[in-house]
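# An overview of the molecular structure
Given next are the chains, with one letter for each unit.
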Protein chains: 4
Amino acid sequence: MSTRIAVAGASGYAGCEILRILLGHPAYAAGDIEIGSLTAGSSAGTPMAEIAPHLPELADRVIEETTPKVLAGHDVVFLALPHGHSAAIAEALGESVIIIDCGADFRLRDGNAWEKFYGSEHAGSWPYGIPEMPGHREQLAGATRIAVPGCFPTGATLALWPAVQAGLIDPVISIVSVTGVSGGGKKASVGLLGAETMGSLKAYNTAGRHRHTPEIIQNLSEFTSAPLSVSFTPVLAPLPRGILTTATAPLAAGVDAGKVRGVYRAAYANEPFVHLLAEGLQPQTQSVAGSNMCHLQAEVDQAAGRLVVVSAIDNLTKGTAGAAVQCMNLALGLEEQSGLSRAGVAP
Amino acid sequence: MSTRIAVAGASGYAGCEILRILLGHPAYAAGDIEIGSLTAGSSAGTPMAEIAPHLPELADRVIEETTPKVLAGHDVVFLALPHGHSAAIAEALGESVIIIDCGADFRLRDGNAWEKFYGSEHAGSWPYGIPEMPGHREQLAGATRIAVPGCFPTGATLALWPAVQAGLIDPVISIVSVTGVSGGGKKASVGLLGAETMGSLKAYNTAGRHRHTPEIIQNLSEFTSAPLSVSFTPVLAPLPRGILTTATAPLAAGVDAGKVRGVYRAAYANEPFVHLLAEGLQPQTQSVAGSNMCHLQAEVDQAAGRLVVVSAIDNLTKGTAGAAVQCMNLALGLEEQSGLSRAGVAP
Amino acid sequence: MSTRIAVAGASGYAGCEILRILLGHPAYAAGDIEIGSLTAGSSAGTPMAEIAPHLPELADRVIEETTPKVLAGHDVVFLALPHGHSAAIAEALGESVIIIDCGADFRLRDGNAWEKFYGSEHAGSWPYGIPEMPGHREQLAGATRIAVPGCFPTGATLALWPAVQAGLIDPVISIVSVTGVSGGGKKASVGLLGAETMGSLKAYNTAGRHRHTPEIIQNLSEFTSAPLSVSFTPVLAPLPRGILTTATAPLAAGVDAGKVRGVYRAAYANEPFVHLLAEGLQPQTQSVAGSNMCHLQAEVDQAAGRLVVVSAIDNLTKGTAGAAVQCMNLALGLEEQSGLSRAGVAP
Amino acid sequence: MSTRIAVAGASGYAGCEILRILLGHPAYAAGDIEIGSLTAGSSAGTPMAEIAPHLPELADRVIEETTPKVLAGHDVVFLALPHGHSAAIAEALGESVIIIDCGADFRLRDGNAWEKFYGSEHAGSWPYGIPEMPGHREQLAGATRIAVPGCFPTGATLALWPAVQAGLIDPVISIVSVTGVSGGGKKASVGLLGAETMGSLKAYNTAGRHRHTPEIIQNLSEFTSAPLSVSFTPVLAPLPRGILTTATAPLAAGVDAGKVRGVYRAAYANEPFVHLLAEGLQPQTQSVAGSNMCHLQAEVDQAAGRLVVVSAIDNLTKGTAGAAVQCMNLALGLEEQSGLSRAGVAP
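Quick caveat, the model's predicted, so the values are computed rather than measured.

### A short note on the overall build of chain A
For chain A, the count of helices and strands is 12 helices and 13 strands. The dimensions of chain A, computed from C-alpha atoms along their principal axes, are 60 × 45 × 40 Å. Looking at chain A as a whole, 67% of its 347 residues are labelled buried. When the accessible surface of chain A is summed, it comes to about 10,800 Å², and 50% of that surface belongs to carbon and sulfur atoms.

### A few points about helix α5 (residues 86-93) of chain C
A turn of α-helix holds 3.6 residues, and therefore any two residues three or four places apart point the same way. Residues and elements named next belong to chain C. Looking at α5, one finds that the buried residues are Ser86, Ile89, Ala90 and Leu93. The buried residues of α5 occupy one face: seen down the axis, they fall within an arc of 100°. Projecting away from the buried face of α5 at angles above 90 degrees are the exposed residues Ala88 and Glu91. On its buried face, α5 is in contact with α4 (68-71), β4 (76-79), β5 (98-101) and β6 (145-147). Phi turns positive, to about 90°, at glycine 94, one or two residues after α5.

### Some thoughts on the relation of the copies chain A and chain C
Each copy of the sequence occupies a distinct position, and chain A is placed on chain C by a rotation of 180° and an axial shift of 0.0 Å, giving an RMSD of 0.0 Å. In short, the pair behaves as if placed about a two-fold rotation axis. When the interface residues of chain A are mapped onto chain C, 100% of them again lie at the interface, so the same face is used by both copies.

### Some thoughts on the nonpolar core
Core analysis: the biggest nonpolar cluster contains 110 residues, and B:Phe78 and C:Phe78 have the highest contact counts within it. Apart from the residues within four sequence positions on either side, C:Phe78 is in contact with C:Ile5, C:Ala6, C:Val7, C:Ala8, C:Ile18, C:Leu22, C:Ile100, C:Ala324, C:Val325 and C:Met328. In this structure, A:Leu38, A:Ile146, D:Leu239 and D:Leu330 belong to the second largest nonpolar core, which totals 107 residues.

### Let's talk about the UniProt feature "domain: Semialdehyde dehydrogenase NAD-binding" (unreviewed entry) in chain A
Mapped onto this structure's residue numbering, the UniProt feature "domain: Semialdehyde dehydrogenase NAD-binding" (unreviewed entry) falls at residues 4-141 of chain A. Measuring from the first to the last C-alpha atom of residues 4-141 of chain A gives 19 Å, for a span that is 32% helix and 17% strand.

### Structural notes on the interface of chain B and chain C
With 42 residues of chain B at the contact, the number on the chain C side is 42 residues. Together chain B and chain C conceal approximately 3,500 Å² of surface at their shared face, both sides included; 57% is due to carbon and sulfur atoms. The largest share of the area that chain B buries against chain C comes from B:Leu201, B:Ala207 and B:Gln286, three residues that together contribute 16% of it. Counting across the chain B and chain C interface gives two salt bridges. One salt bridge in this structure joins C:Arg209 and B:Glu299, with 2.6 Å as the shortest N-O distance. Joining chain B to chain C, the criterion identifies 16 residue pairs in polar contact (both at pLDDT 80 or more). Where the side of chain B that touches chain C is concerned, the elements lending two or more residues are β7 (172-179), α9 (194-197), β8 (202-203), β9 (229-236), β10 (243-250), β12 (294-301) and β13 (306-313) of chain B. Residues that form the side of chain B that touches chain C fall into these classes: 20 nonpolar, 16 polar and six charged.

### Notes on the environment of B:Trp114
Residues and elements named next belong to chain B. Looking at the element boundaries, tryptophan 114 is found in helix α6 (residues 111-118). On the basis of relative accessible area, tryptophan 114 is assigned to the buried category, the value being 2%. As a C-alpha pair, tryptophan 114 and glutamate 215 span 101 residues in sequence and 9.4 Å in three-dimensional space. If sequence neighbours within four positions are ignored, tryptophan 114 has contacts with His83, Ala104, Asp105, Leu108, Gly119, Ser120, Glu121 and His122. At 3.2 Å, the side chain of tryptophan 114 and the backbone oxygen of glutamate 121 are in polar contact.

### Here's the deal with the interface of chain A and chain C
On the chain C side, the residues contacting the 19 residues of chain A number 19 residues. Buried area between chain A and chain C, both sides added, is near 1,500 Å², and the carbon and sulfur share of it is 74%. A per-residue breakdown of the area chain A buries against chain C is headed by A:Leu193, A:Ala195 and A:Met198, which together make up 38% of the total. At the surface where chain A touches chain C, the tally comes to zero salt bridges. On the surface where chain A and chain C come into contact, there are four residue pairs in polar contact (both at pLDDT 80 or more). Counting residues per element, the side of chain A that touches chain C draws most heavily on helix α9 (residues 194-197) of chain A, which supplies four residues. Tallied by class, residues from the side of chain A that touches chain C come to 11 nonpolar, five polar and three charged.

### A short note on the relation of the copies chain B and chain C
In screw terms, the move from chain B to chain C is a rotation of 180° and a rise of 0.0 Å along the axis, fitting with an RMSD of 0.0 Å. Interface residue correspondence from chain B to chain C reaches 100%, placing this contact among same-surface, isologous pairings.

### Topic: the UniProt feature "active site" (unreviewed entry) in chain A
Residue and element names in this part refer to chain A. The UniProt feature table records "active site" (unreviewed entry) at Cys151. Among the secondary structure elements, cysteine 151 is positioned in helix α8 (residues 151-165). For cysteine 151, a relative accessible area of 13% gives the class buried.

### Description of the packing of helix α8 (residues 151-165) of chain D against helix α11 (residues 257-268) of chain D
Packed helices, taken two at a time, are described by the angle their axes make and the gap between the axes. All names here are of chain D. At a minimum axis separation of 9 Å, α8 and α11 run at an interaxial angle of 120°. Handedness of the crossing formed by α8 with α11: right-handed. Between α8, through Thr157, Leu158, Ala159, Leu160, Trp161, Pro162 and Ala163, and α11, the contact on the second element is made entirely by Val263, Tyr264, Ala267 and Tyr268. Looking at the contact of α8 with α11 residue by residue, the class counts come to 10 nonpolar, one polar and no charged.

### Re the state of the cysteines
Chemically, a disulfide is nothing more than a covalent bond linking the sulfur atoms of two cysteines. Tallying each qualifying case throughout the model produces zero disulfides over all chains. Cysteine A:Cys151 is unpaired, with the sulfur of A:Cys102 as its nearest cysteine sulfur at 11 Å.

### Considerations on unusual backbone geometry
That bond from A:Ala346 to A:Pro347 is cis: its omega, 0°, falls within 30 degrees of zero. Note that A:Pro347 resides in the segment after α12 (317-332). Even without being glycine, C:Asn205 reaches a positive phi, approximately 45°. Take C:Asn205: it is sitting in the loop between β8 (202-203) and α10 (213-221).

### Let's talk about the sheet that holds β5(C)
Residue and element names in this part refer to chain C. Taken together, the six strands give an open sheet; going across it, the order is β3-β2-β1-β4-β5-β6, and neighbouring strands pair in parallel fashion. Looking along the sheet, the strands with just one partner apiece sit at the ends: β3 (64-65) and β6. Both strand β2 (residues 33-40) and β3 contribute to a ladder of two bridges, which runs parallel. Bridging across to β3, alanine 40 finds its partner in glutamate 65.

### Overview of helix α12 (residues 317-332) of chain B
Residue and element names in this part refer to chain B. The end-to-end C-alpha distance of α12, which contains 16 residues, comes to just 19 Å, noticeably less than the 22 Å that a straight helix rising 1.5 Å per residue would cover. At alanine 323, α12 is deflected by roughly 40°, the largest bend along its length. With 15 of its 16 residues buried, α12 lies for the most part within the structure. Of the residues one or two after α12, glycine 333 is the one with positive phi, at around 75°.

### A look at the pairing of strand β13 (residues 306-313) of chain C
Of all eight residues in β13(C), eight are buried, a share of seventy percent or more. Linking two consecutive strands that pair antiparallel, namely strand β12 (residues 294-301) of chain C and β13(C), is a turn of four residues; a positive phi of about 65° is found at C:Gly305 within it.

### Re the pattern of salt bridges
For the coordinates displayed, the defined rule picks out 47 salt bridges over all chains. A salt bridge links C:Glu132 to C:Lys318; its shortest N-O distance comes to 3.0 Å. Within this pair, whereas C:Glu132 is found in the loop between α6 (111-118) and α7 (136-140), its partner C:Lys318 is found in helix α12 (residues 317-332), the two being separated by 186 residues in sequence. D:Glu222 is paired through a salt bridge with D:Arg109; the nearest N and O atoms lie 3.3 Å apart. Taken as a pair, D:Glu222 in the loop between α10 (213-221) and β9 (229-236) and D:Arg109 in the loop between β5 (98-101) and α6 (111-118) lie far apart in primary sequence, 113 residues in all. Bridged by salt links that share partners, the residues A:Glu17, A:Arg20, A:Arg241 and A:Asp314 form one connected network.

Conventions we followed
Residues numbered from 1 in each chain as written. Chains lettered and ligands numbered in written order. Predicted model: local features only at pLDDT ≥ 70, side-chain atom pairs only at ≥ 80, totals over all residues. Heavy atoms only, no water. Helix = DSSP H or I, 4+ residues; strand = E, 2+ residues; numbered from the N terminus. Buried < 20%, exposed > 50% of the residue type's maximum accessible area, 1.4 Å probe, protein only. Areas by Shrake-Rupley, 256 points an atom, 1.4 Å probe, with all protein chains shown as cover. Arc of directions from axis to C-beta. Contact = heavy atoms within 4.5 Å. Least-squares fit on C-alpha atoms with pLDDT ≥ 70 in both. Core = buried A, V, L, I, M, F, W, Y, C linked by side-chain atoms within 4.5 Å. UniProt positions renumbered as here; feature names shortened; annotations may be inferred. Buried area = accessible area lost by both parts, 1.4 Å probe. Salt bridge = Lys/Arg side-chain N within 4 Å of Asp/Glu carboxyl O. Polar contact = N/O pair within 3.5 Å; in protein donor to acceptor, adjacent residues only side chain to side chain. Nonpolar A, V, L, I, M, F, W, Y, C, P; charged D, E, K, R; others polar. Axes fitted to C-alpha atoms, helices over the stretch in contact; angles between N-to-C directions. Left-handed = near helix turned anticlockwise from the far one by under 90°. Disulfide = S-S within 2.5 Å. Pairing = 2+ DSSP bridges. Expected span 1.5 Å × (residues − 1). Bend = angle between axes of the 7 residues up to and from the residue.

Structure representation (structure tokens):
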């Protein structure tokens, strides 16, 4: 009997990217998974032909309303909703359904941090979907509740946890992440118009205001008991997809380039979706577009006494929907890589 | 025993796109096809990690020189070379090897047209790789020599042959095709620099000078004995991939919107890679990015008395490498759709 | 005493572009013109620092509401409003105020065409602001009511009127205009999001539906009594500014390249804002960005028997705001070129 | 008698941008400055119509060869050449000619830093062209030798010197500058092709390798005697023009948001080309495109204990050619702002 999958929030970029990946999943081709209800809020009633013209296989599907009733009867439910909606849906659907939440609701374990950044009551926390973080893959295998990480925390965490864990740095970290515009979502907005974003670069939610800041801190704090400080600045750039993260921090005493490279090589030796580039090469987002990969380079700036790590991901794939399907594979006991491309669509 | 595949011209965009598609081909996953030699000219000796950082699976491969000796011993050889090189290689490799030429050498049947546009001796012609043109799929099945069509002729031909065949138009056709910059190839050039192409639109090879003009005429001439005239203008636009073709021609007497829609619906009813959009929707290149699809809309401009057809393809996929793999599938007797995505990477 | 200028619709792209040009106008530097009220609808009360951060000189100005009362007391009023608002404002302001309307209301002389395309009552017509069309400069000099042309009609008309007037073509014309996204205006919209428009090309308002079609026909009809047919297709491309228009039509008997070039050279010999490129060069929108120029090339496609004309303008400058200031100069009796750049901001 | 100006390197982006600005300079309109020889290396003999189609006023000019003989007889010579050529030209032209060098040759005062980063003999140093740095305007007034700063150092220095001077930070600084592709220059290159750069973000010259690093350190060192460390990472983004710089450093004890704002407000109160944005707004490169402005925001990230400063400039204008003309104005005793726009070409 095939696994029946629903996507709530199927009108947005994350929801559609989940569907794009599922349509290419070998288990879908084999009839082992099945795409069930596609739901949304104000788009309910709209044909997918209008919502997602890039998915002709779903052209005749019609968006339903996001309600527990519509979502019931599925084995896996992806949630790609504005924050604040997941808890009620999860409760209504019950424990046996696998719920994979691309929203923020269950990412933070610290209720104070949640309230400070989201201004609402903390719903709790679920197993956190970066399988490449030591200890997490095990929690995700067979889980029925999974919080998919934010796009910026994914790029930043994969860039930094090996350094924090190995004590390569004094964890006073400065991060600048340049992102494509799909990160802003698919809702009418003047600030995200093509005319406002093409040909322009703009920092936003600066000086610690971005909601992904506490999530980055939470992730890295798993690897040190030392006080950890993160300055995070997101920059909007004129491309549809991709996040390039540059992270720097003071080198710990005695750390040199060889040590850095050794630590990163060991950390990711067996990770199919993290690619440490050869020395002299730098990550570029084009190389990971549409793929579930994170490309990485880690170097020592001797003169400045700093570690410099650069990572590239596709914000919609490894940054959201690809991670969600990777987690689904783990939850269902499928092969973790299944349906997830390691090749980017470049140029 | 697995089918061994070589790619000559693996350092360019077409060659790398063939590799990207092959890496995701089910026959590759199953071990039934195998990626053999990757060759090029001046890039010989360069690791693929530098040439194609988006294909980490091939990172450790090194480009070899394009010679018959290196290419010998493969069952399928893709050629993605500048024109003028295919004939000698084909002869050297012998009749039993399947050769799929992404270059222009064997596309034109008319030696005079070849000489006028390419200024060299005509090499001949091979079965022409648009399976969606009536009669062509049959020629491609089991073929050992295949000429992959040019990117512009693919978009224009799929847009127009049903109208020519059904006599919907007086075939005095005006075509404007707007293309992304990867169509210009991966060679150092001032005119194709990012700074020259971003934020700009430019027509080029205007007034019938583009080499794809005689190929479009050849294709459409298969469907009419009437004299056929084509005005073709390519326009370079600031996006990496995609061709949007607008074709107009005077309507034949008595043709209305219903008739037009009926003809196009019938023409493509069973074609997996051509998607006639619902009325009111228009093709966009984003929807087909990275996919092997052609999206189409055909309409009647009553006031102007013209048929207006718009098609969208990805120049590197359906326009080149996807078509090449589709042809390989036919040549090898695999399922035609195998390894070729119908979903675009959007946004 | 200085000339006092108001801009209604100062929150939109056209309004802001008028302001950008006025701020660089020599008469502004000399104190001979003065920027008065800046008005809008829902943005009333917003500081210009937020609306137009690119105009720091106006940062402390605040948008007022668009009412006749606010606009009264100015010598020149630019209207950059949605259609349907100009007539009432013009009447309220009275005959002595120079009103330059960037909207569509007074462009069409044919009430039936207006009603068919705009679906409302026809307001009438005003002197039409393409000074380069024979006879128009004279009507604009000293005028107190001016209709600024649409952006597409400007590019198409400058490309074609010399050919129509000189009888170079059979006026059965096919036009494809590729445009940057600022043409869609500055209002919240999903379809014009950066993520929807970057990396994509899309035709829209195809098959004669675009409202600029009757305006193009009206303009060209001034130069022939023969029946004239225009097929017009706009295509949206990923750049902020610029329109590249390709127009083709069957050559009249006996017309050759020399004749074509002679006609165009004569037509624009004394026009400061139309630049006929040297043979072999093609217009590109980058070259005219931010300038009031139209770059042109006109060629003969002998094999297809067609004239091919390509024009490039900046849709916001020569296509709207630059034309508006050019008309203001004529209306006020200033030097026509004053404040209008002939140099594009490239790359 | 008018001032005669030559541009050496007129075929590149910096040289053409100087020309674009000069063509709009009031002194040019008044006949007080005159554009003399335009020279280059391999482009000698090429008409400007091909080199710079955006400057129709110079279309009939032809590029001459860059030799002292051709450059002799001018009052002002702008050099926009690869490094290593300026010293010999300057010597040959003699002391009375004003030489404004957009290259790197005379920027660094420390010969060791020069040799480490440029690998050649140090030519010396000239007055350094950031008039907004305390003390520099005075040196530039009437100077006959001027070193125009690098584009990245301009954005970084304007962002940081007030903080360093006022002791707001512990000067252990982390800088990430995202730049448009015109910074890479106008020479044939695979890495800067449109297809490689559109849709992609890439860090380069990471870990202290970029040649602008010692220039940033030199500039900031003028304002502190404390040891100063700079980690600098440039990121290439898909836009033609613009640099967005994010700089962070640990706050000194007792520094709060009010103090920061006060320092920056005071630093730039009288600077026409530096615009400190209102609180809550962030710089964007679109706002400064084609202008000589630097837009700035300076904030306190309380949780991270860091100062965060973001600046936006146009790399070709304030970052190169605009600064060069600003310096020329000072050297010639013209009004400093003359010919330099404060309004950006947005969107």
